[in-house]
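Spelled out, the chains give:
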Amino acid sequence: MVHLSTYFSLEHPASSHDAKELKRELDTLPGVTSVSGGRLAVDYDSTGVRREDIRQKVQSLGFGIQGAE
């Protein structure tokens, strides 16, 4: 198991409701072990999920990421 952390700066701050939904949805990804707000921080096990999968999930939920391709 390889534990990593990744950070995303959202284009617009998430409301408390949106932050809860974002956390709930990211927690469904296999390998995600922790999600915290502000600057979005996600701890994960790289054998279960890739950083790219997390980024895509965030964007699929309608959240823009600063500096995302």
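Remember, predicted model here, so these are calculated numbers, not experimental data.

Draft legend 1. Structural context of the nonpolar core. Core analysis: the biggest nonpolar cluster contains 15 residues, and Leu26, Val32, Leu40, Ile54 and Val58 have the highest contact counts within it. When residues of this core are traced back to their parent elements, those giving at least two are α1 (16–26), β2 (32–36), β3 (40–45) and α2 (51–60). Leaving out residues up to four positions away in the same chain, Ile54 has contacts with Thr6, Phe8, Leu26, Leu29, Val32, Val42, Tyr44 and Val49.

Draft legend 2. Local environment of the sheet that holds β3. Here we have 3 strands laid out as an open sheet, ordered β1-β3-β2, and antiparallel in their pairing. Edge strands, defined here as strands with exactly one partner in the open sheet, are β1 (3–8) and β2. Going across the sheet, the axis of each strand differs from the next one's by a mean of 15 degrees, ignoring polarity. Two elements, β1 and β3, share 6 bridges in a ladder whose sense is antiparallel. Bridge pairing in β3 places Phe8 opposite Leu40.

Draft legend 3. Broad picture of the pattern of salt bridges. In the structure shown here, the tally under the stated rule is 4 salt bridges. Between Glu25 and Lys57 there is a salt bridge whose closest N-O contact spans 3.5 Å. In this pair, Glu25 is assigned in helix α1 and Lys57 in helix α2, connecting sequence segments 32 residues apart. With relative accessibility at 23%, the residue Glu25 sits in the partly exposed group. The residue Asp53 makes a salt bridge to Arg50 at a minimum N-O spacing of 2.9 Å.

Basis of the calculations
- Along every chain, residues carry numbers that run from 1 in the direction the sequence is written.
- Whole-chain, interface and lining totals are the exception, using all residues; otherwise, since this is a predicted model, local features are given only for residues with pLDDT of at least 70 and side-chain atom pairs are given and counted only at 80 or more.
- Hydrogens and waters are ignored; side-chain quantities use all the structure's heavy atoms.
- The definition of a nonpolar core used throughout is a set of buried Ala, Val, Leu, Ile, Met, Phe, Trp, Tyr and Cys residues joined through side-chain atoms within 4.5 Å.
- We call a residue buried when its accessible area falls under 20% of the maximum for its residue type, exposed when it is over 50%, and partly exposed in between, using a 1.4 Å probe and counting protein chains only.
- Secondary structure elements follow DSSP: runs of H or I of four or more residues count as helices, runs of E of two or more count as strands, with numbering from the N terminus.
- By definition, residues are in contact when any of their heavy atoms lie within 4.5 Å.
- DSSP bridges decide pairing: two strands pair if at least two such bridges lie between them.
- For helices, the fitted axis covers only the stretch in contact; all axes are lines through C-alpha atoms, and the angles between them, taken along N-to-C directions, range from 0 to 180 degrees.
- Throughout this description, the term salt bridge denotes a Lys or Arg side-chain nitrogen within 4 Å of a carboxyl oxygen of Asp or Glu.

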